[in-house]
Amino acid sequence: MLSCKDVTRLISESMDRSLPLRKRIGVRVHLLICRFCARYERQLLLIRETARRIAAAEDRPGEPSGETLPEEAKVRIRQAICNS
Amino acid sequence: MGIPACSDPSEWVDRYGNYLFRYAMIRLRDRSAAEDLVQETFLAALKSRGSFSGGSSEATWLVGILKHKIADHFRRQALEAPLEDADLRELPDPSVFDVSGHWTSGPTDWGGNPADLYREEKFLEQFKNCLSGLSPNHANAFTLREIEGADTGEICKVLNVTETNLWVILHRARMHLRRCLETHWFNRSMEKGP
């Protein structure tokens, strides 16, 4: 029998590789009866989705929001481009 | 005479500086390292201008160069601060599970419709703060996996770890992030509630 501790580890692992069949079945059966582990899995998926959204939002050129390159860094970099 | 494949480099900083800086910041969480890599990216682009085909947009071309610089940065960090026992050790709080491996107190219900959270600027800020709070090895592995979307084989090469260790690191990273969000976002909103 898999414990909750095992299952949390395997939930994470299943996000990085396809688990061997026996483990996969063990996790699925556990998730049917354990609401905490099922909740844990939903939360990890939310975390994954959030990371993707952050990447997608920040990776668009010309987005006005968010951090900007400080002015003194811009000056320094322009200088470096001219000098090279 | 053909159309020049890329624009005047003197305009690059104004056109792409902020974009590349944001791209680097979310991955490196370190302002001076991000500034340095933006500069290195422009200088490398300057050298390889001839190879820019114009097939992709200039922004995409520059980001492609930056991506390599970021991977190099992670590689250097991994050499300077190799994996420690602490990165692979037990949970942040071993009392999460009892001796038989069952939850002592399970994850709290995050309630509502979590899908709405992606649109909340403050939640995304908290998420980035929690990510910055991880150990560098955890944060770098998580970033490569979930923000860059790299596969585990590539990440192992960059961070110089075995696949088994990488699974453990990612498990720890996700567990820490989950706990941090629960403590600083979800429980906080519950206290604020009616």
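Residues numbered from 1 in each chain as written. Chains lettered and ligands numbered in written order. Predicted model: local features only at pLDDT ≥ 70, side-chain atom pairs only at ≥ 80, totals over all residues. Heavy atoms only, no water.

Visitor: Would you take a moment to explain the interface of chain A and chain B for this structure?
Guide: Frequently, the measure chosen for interface size is the accessible area that the parts lose on association. Contacts between chain A and chain B engage 46 residues on the former and 54 residues on the latter. The tally of links from chain A across to chain B stands at five salt bridges. In this structure, R48 of chain A engages E146 of chain B in a salt bridge whose closest nitrogen and oxygen atoms are separated by 2.9 Å. For the interface between chain A and chain B, the tally reads 15 residue pairs in polar contact (both at pLDDT 80 or more). Here the element with the most residues in the side of chain A that touches chain B is helix 3 (residues 35-58) of chain A; it accounts for 17 residues. For the side of chain A that touches chain B, a count of residues per class yields 18 nonpolar, ten polar and 18 charged. (Contact = heavy atoms within 4.5 Å. Salt bridge = Lys/Arg side-chain N within 4 Å of Asp/Glu carboxyl O. Polar contact = N/O pair within 3.5 Å; in protein donor to acceptor, adjacent residues only side chain to side chain. Helix = DSSP H or I, 4+ residues; strand = E, 2+ residues; numbered from the N terminus. Nonpolar A, V, L, I, M, F, W, Y, C, P; charged D, E, K, R; others polar.)

Visitor: Help me out: how do you make sense of a nonpolar patch on the surface in this one?
Guide: Taken together, the side chains of M1, L32 and I33 of chain A make up a nonpolar region of the molecular surface, amounting to roughly 490 Å² of accessible area. Residue I33 of chain A is classed as exposed on the basis of its relative accessible area of 66%. (Patch = residues over 30% accessible without salt bridge, like charges linked within 9 Å, V, L, I, M, F, W, Y side chains within 5 Å. Areas by Shrake-Rupley, 256 points an atom, 1.4 Å probe, with all protein chains shown as cover. Buried < 20%, exposed > 50% of the residue type's maximum accessible area, 1.4 Å probe, protein only.)

Visitor: I tried to follow the confidence of the model for chain A on my own but got confused; where do I start?
Guide: Should the pLDDT be low somewhere, the predicted coordinates at that spot are not to be read in detail. With 89% of its residues at a pLDDT of at least 70, chain A reaches an overall mean of 90. The secondary-structure element of chain A with the lowest mean pLDDT is helix 4 (residues 71-83) of chain A, recorded at 90, while helix 2 (residues 21-33) of chain A shows the highest, at 97. (pLDDT = per-residue confidence, 0-100.)

Visitor: Sorry, what's going on with the environment of E67 of chain A here?
Guide: As for its placement among the helices and strands, E67 of chain A is situated in the loop between helix 3 and helix 4. Once the C-alpha coordinates of E67 of chain A and S3 of chain A are considered, the two residues, 64 residues apart in sequence, prove to be 43 Å apart. E67 of chain A has contacts with N18, F21, R22, M25 and R31 of chain B, leaving out every residue within four places of it along the chain.

Visitor: Even after reading the chapter, I still don't get the domain arrangement of chain B, so can you show me in this structure?
Guide: Residues and elements named next belong to chain B. When the domains of chain B are assigned, the result is domain 1 (9-80) and domain 2 (94-192). Computed from C-alpha atoms alone, the centre-to-centre distance between domain 1 and domain 2 is 27 Å. Approximately 1,100 Å² of surface area, both sides summed, lies buried where domain 1 meets domain 2, with 59% of it carried by carbon and sulfur atoms. It is I26, R29 and F74 in domain 1 that bury the most area against domain 2; as a group they hold 51% of the surface buried on that side. Applying the counting rule to domain 1 against domain 2 returns two salt bridges. Salt-bridge contacts for K67 lead to E148; the nearest nitrogen and oxygen are separated by 3.1 Å. Taken together, the connections running from domain 1 to domain 2 amount to six residue pairs in polar contact (both at pLDDT 80 or more). Elements that contribute at least two residues to the side of domain 1 that touches domain 2 include exactly helix 1 (12-28) and helix 3 (58-80). (Domains from an automatic or database assignment. Buried area = accessible area lost by both parts, 1.4 Å probe.)

Visitor: Hey, could you run me through the packing of aromatic side chains in this one?
Guide: Any two aromatic rings considered together are summarised by their centre-to-centre distance and by the angle between their planes. Residue and element names in this part refer to chain B. Taken as a whole, this structure holds nine aromatic pairs over all chains when the rule is applied. Between the aromatic rings of W12 and F42, the centroid separation amounts to 6.0 Å while the plane-to-plane angle is 25°, which identifies the pairing as stacked. Of this pair, W12 sits in helix 1 while F42 sits in helix 2 (residues 31-47), and the two are 30 residues apart along the sequence. The exposure class of W12 is buried, given its relative accessible area of 0%. Judged by relative accessible area, F42 falls into the buried class, the value being 0%. Seen from their ring centres, F97 and W103 are 4.7 Å apart, and the 45° between their planes marks the pair as tilted. (Phe/Tyr/Trp six-rings, centres within 6.5 Å; stacked < 30°, edge-to-face > 60°.)

Visitor: I would appreciate a short explanation of helix 1 of chain B in the present structure.
Guide: In an α-helix, one full turn covers 3.6 residues, which means residues spaced three or four apart are oriented alike. Residues and elements named next belong to chain B. The largest bend along helix 1 reaches roughly 30° and is located at N18. By the criterion of burial, helix 1 is predominantly enclosed, with 14 of the 17 residues buried. Following helix 1 by one or two positions, R29 has its phi on the positive side, about 55°. (Bend = angle between axes of the 7 residues up to and from the residue.)

Visitor: Sorry if this is basic, but what is going on with the pattern of salt bridges here?
Guide: Opposite charge on two side chains allows them to pair when their charged atoms are near. Overall, the coordinates contain 18 salt bridges over all chains when judged by the stated rule. Close ionic contact of E49 of chain A with R53 of chain A constitutes a salt bridge, the shortest N to O distance being 3.2 Å. With E49 of chain A and R53 of chain A both in helix 3 and four residues apart, the pair spans about one turn of that helix. Its relative accessible area of 26% is what places E49 of chain A among the partly exposed residues. Between E58 of chain B and R15 of chain B there is a salt bridge, with its nearest N and O atoms 4.0 Å apart. Of the two residues, E58 of chain B is situated in helix 3 and R15 of chain B in helix 1; the sequence distance between them amounts to 43 residues.

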